[in-house]
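Observations on the model geometry
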Amino acid sequence: VKDGYNKAYIKLLSVKNNPFQAKIEIDVFERGSVKRKIKTIRPGDNLYEVSGNRNICEGYIVNDIYCEKGNEYIDFTSRPDVIALNQEIGGVNQDEFKRLQIRKTIEEHLEKELRLTSKGLKVLSLFFIDKVANYRSYDKEGSPEKGKYARIFEEEYRELIKKPKYRTLFKDVDLETEIECVHNGYFAIDKKKDAKGEQLFKDSKGEGKTIADESAYQLIMKDKEKLLSFDSKLKFIFSHSALKEGWDNPNVFQICTLNETASEMKKRQEIGRGLRIAVNQDGERVHGFDVNTLTVMANESYEDCADALQKEIEQEAGIRFGVVEDHTFANIVILDDKENEMYLGVDASEA
């Protein structure tokens, strides 16, 4: 879709007032070809001109740049489209894209279970989500309700485990009960209540070091060892803000980023949640690339992040990737938004 230029593509990246202006990502025709560019626009600007006179952008004259925090958007005088912050038109349907990410994560998880269960290794997958309510919310009576990510997960999991090749993983198991038990999320809940007296989920900002966050963090630290046991049915963990730096589980083999991660440091922190050497049911480390491969289902390219991290490791450790011997490494396979594979070795001996 990135190179499909037969419809207008516009994504709102940021807004500001005094003066009112916005940054957008748009396909621009210049020097005989169409390229995706970042442009600054103001009320009254004609995106037909901004795009290099592309006919599909006719009528996109900027009407309003709305800057109220939490409700940022732009709209147009002759087009019905309203584009919210970090949203887009003419691009990938984000829900379908995230469904594919979830499905691929489940597939990778089940494939590794086929290989690693016999070695006494419990396979875990970790999802980073953008909003708590996208996984779970509460109704007026305080009963939990599944958000769209939970529903998508169960739909895709239900379909995938029907494949005959996975039959050996579910001997004497009630599959419907299994679906309910294999996934869960750990979230901070705001102690404040709304006008109806109901508790609200809190989407933490910045470092997220609130009392509620700390409570959720302690819960994870207290119980995480249980996740390594086959006795625990929980295999897929959804997190918004609780799993920060300092939380690492040795058997996280898949990480799926359903959030928007612009910060390179945050990317590294997320990847870091899966860089421990795996532990079997006897508590013993199991070494080797055939076991210790972390697969990241990324919603954006990690190429720059991987390159920068590799260079830093080479400088600090005095090694070169591709020619290293007698070191213990965890291997990472990153599938980017083009489904290209990139490999990033990270020294886990001191993790």
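Keep in mind that this is a model prediction, so the values were computed, not measured.

**Focus on the side chain of Glu113**
- Tracing the backbone shows Glu113 in helix 2 (residues 94–116).
- When its relative accessible area of 6% is taken as the criterion, Glu113 is described as buried.
- With residues up to four places along the chain from it excluded, the contact list for Glu113 reads Val123, Leu169 and Lys235.

**So, the sheet that holds strand 6 (residues 82–84)**
- Spatially, the three strands line up as an open sheet ordered 4-5-6, and their pairing is antiparallel. The open sheet has two edge strands with one neighbour each: strand 4 (62–66) and strand 6. Going from strand to strand, the sheet's axes swing by 15 degrees on average, the running direction of each strand aside.
- Sheet analysis places strand 5 (residues 73–76) next to strand 6, joined by three bridges and oriented antiparallel. For Asp75, the partnering residue across the bridge sits in strand 6 and is Val82.

**Topic: the nonpolar core**
- Counting residues in each nonpolar core, the largest one holds 24 residues, and the members touching the most others are Phe153, Tyr157 and Phe238.
- For this core, the elements supplying multiple residues, two or more each, are helix 2, helix 3 (148–160) and strand 14 (236–239).
- Of all the elements, helix 3 adds the most residues to this core, at six residues.
- Not counting the four nearest positions on each side in its chain, Phe153 is found in contact with Ile102, Ile106, Phe127, Val182, His183, Phe236 and Phe238.
- The next biggest cluster of nonpolar side chains, apart from the first, holds 17 residues, and it includes Ile24, Val28, Val62 and Ile83.

**A word on the pairing of strand 4**
- As paired strands, strand 4 and strand 5 are joined by four bridges and run antiparallel to one another. Bridged to Val62 within strand 5 is Phe76.
- Between strand 4 and strand 5, which pair antiparallel one after the other, the connecting turn spans six residues, and Gly70 there sits at a positive phi close to 95 degrees.

**Details of the packing of aromatic side chains**
- Scanning the model with the defined rule gives 11 aromatic pairs in all.
- Judged by centre distance (6.2 Å) and plane angle (85 degrees), the ring pair of Phe127 and Phe153 falls under edge-to-face. Within this pair, whereas Phe127 is found in strand 8 (residues 124–128), its partner Phe153 is found in helix 3, the two being separated by 26 residues in sequence. Note on accessibility: Phe127 and Phe153 belong to one class, buried.
- Within the aromatic cluster, the residues linked to one another by ring pairs are Phe127, Tyr135, Phe153, Tyr157, Phe170, Phe236 and Phe238.

**Describing the pattern of salt bridges**
- As enumerated under the stated definition, the model contains 16 salt bridges in all.
- Where Glu156 meets Arg103, a salt bridge forms, and the shortest distance between an N and an O atom there is 2.6 Å. On the criterion of sequence distance, the pair formed by Glu156 in helix 3 and Arg103 in helix 2 is long-range, its members being 53 residues apart.
- Assessed through its relative accessible area of 9%, Glu156 is described here as buried.
- The exposure class of Arg103 is partly exposed, given its relative accessible area of 26%.
- One salt-bridge network, in which partners are shared between bridges, spans Arg99, Arg103, Lys104, Glu107, Glu108, Glu155 and Glu156.

**Considering the packing of helix 6 (residues 264–272) against helix 7 (residues 303–317)**
- Two numbers describe how helix 6 lies on helix 7: the axes approach to 10 Å, and their chain directions differ by 75 degrees. Between helix 6 and helix 7, the angle is such that the two are roughly perpendicular. Counted together, Glu264, Lys267 and Arg268 of helix 6 and Cys305, Ala308, Leu309 and Glu312 of helix 7 form the full contact between these two elements.
- Of the residues in the contact of helix 6 with helix 7, the class split is three nonpolar, no polar and four charged.

The rules behind each value
Residues numbered from 1 in each chain as written. Predicted model: local features only at pLDDT ≥ 70, side-chain atom pairs only at ≥ 80, totals over all residues. Heavy atoms only, no water. Helix = DSSP H or I, 4+ residues; strand = E, 2+ residues; numbered from the N terminus. Buried < 20%, exposed > 50% of the residue type's maximum accessible area, 1.4 Å probe, protein only. Contact = heavy atoms within 4.5 Å. Pairing = 2+ DSSP bridges. Axes fitted to C-alpha atoms, helices over the stretch in contact; angles between N-to-C directions. Core = buried A, V, L, I, M, F, W, Y, C linked by side-chain atoms within 4.5 Å. Phe/Tyr/Trp six-rings, centres within 6.5 Å; stacked < 30°, edge-to-face > 60°. Salt bridge = Lys/Arg side-chain N within 4 Å of Asp/Glu carboxyl O. Parallel < 35°, antiparallel > 145°, perpendicular 65-115°, else oblique. Nonpolar A, V, L, I, M, F, W, Y, C, P; charged D, E, K, R; others polar.

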